[in-house]
Amino acid sequence: AVRADIAAPVDRLPARQMSAGQAIDWRGYVRPYRSSSRVVIQYKVGSRWYDGAKAQPYGSGYYRVKQKFTSPGVKTIRLRVYSGNKSYNTWTGYPVNVTVYAWHNLTSLNAVTSDFEEGPLPLNGTYFADSIIDENATGDYGEWNLSRKCTTFQASVGVGDLSSYSGGVAEMRVGGDSVPLKTLQAMLGTRTPISVNMSGYLRLVLETRDLTGGYYDPAFGNARIRCAW
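What counts and how
- Residues numbered from 1 in each chain as written.
- Predicted model: local features only at pLDDT ≥ 70, side-chain atom pairs only at ≥ 80, totals over all residues.
- Heavy atoms only, no water.
- Helix = DSSP H or I, 4+ residues; strand = E, 2+ residues; numbered from the N terminus.
- Buried < 20%, exposed > 50% of the residue type's maximum accessible area, 1.4 Å probe, protein only.
- Contact = heavy atoms within 4.5 Å.
- Areas by Shrake-Rupley, 256 points an atom, 1.4 Å probe, with all protein chains shown as cover.
- Lys, Arg positive; Asp, Glu negative; His and termini not counted.
- Charge placed at Lys NZ, Arg CZ, Asp CG, Glu CD.
- Salt bridge = Lys/Arg side-chain N within 4 Å of Asp/Glu carboxyl O.

(A) Structural detail: the overall build of the chain. When helices and strands are tallied, the chain shows 0 helices and 19 strands. Its C-alpha atoms put the chain at 80 × 30 × 25 Å along the principal axes. Counting every position in the chain, which comprises 229 residues, the buried fraction comes to 42%. Of the contacts formed within the chain by residues at least 6 apart in sequence, a portion of 73% connects residues at least 24 apart. About 11,500 Å² of surface is accessible on the chain, with carbon and sulfur atoms providing 46% of the total. Mean positive and mean negative side-chain charge positions of the chain (26 and 18 charges, respectively) differ by 24 Å.

The structure is reproduced here in structure tokens:
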């Protein structure tokens, strides 16, 4: 049983979602305060718990402890208070799952199926190193596996500056599974940033369709997806 000397902390839980490289910031109070106490964020690997970041409460028992995760995925963490005195017990909180997300360029992922070219492309004067390109406006289609673990697709939509046909207009579509989520047009001399909510979808779908004929290169510039894998 937990003795009064190491009472449960009155705390503020960290956010349940974060980006890789950010820190879980857990704050609160240990009451009553003991100068020998230590507050620790523990993380679970397999069936074992490991001590992570540590902090010493001070003043009225206030503590603030930060734990950084650099890799994406679901992290199971909990708070533990060590008394620093063998005659008193520790206090261990309930486990909390925190989902850590990271950005991935589509050009670094294996598509389920894709007709698109991949590579660098200038769009309206800006160079995009990781683009998904419908070369010569042939009308392309691609799918990427998300496994319901992604939140956001981002890209800049336009037509490559080196295109030989200046009058080309393409329809650009972003979908989740079989659901159309975003449709817009791309043309030479314009660049449109887009951000599409992909939460809960199994697959990202990109499609292009030529509306005018001619040889030009509509593209999703620096196409990327934010996922917990």
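Now that the structure has been shown, the text picks up again.
(B) Focus on the pattern of salt bridges. The full count for this structure, using the stated rule, is 5 salt bridges. Notably, a salt bridge pairs Asp25 with Arg27, separated by 3.5 Å at the nearest N-O pair. On the basis of relative accessibility, which here comes to 15%, the residue Asp25 falls in the buried class. Overall, Arg27 belongs to the partly exposed group, its relative accessible area being 24%. Taking the shortest distance from any N to any O, the salt bridge between Arg64 and Asp25 comes out at 2.6 Å.

Function cannot be read off these values alone, since they describe shape.
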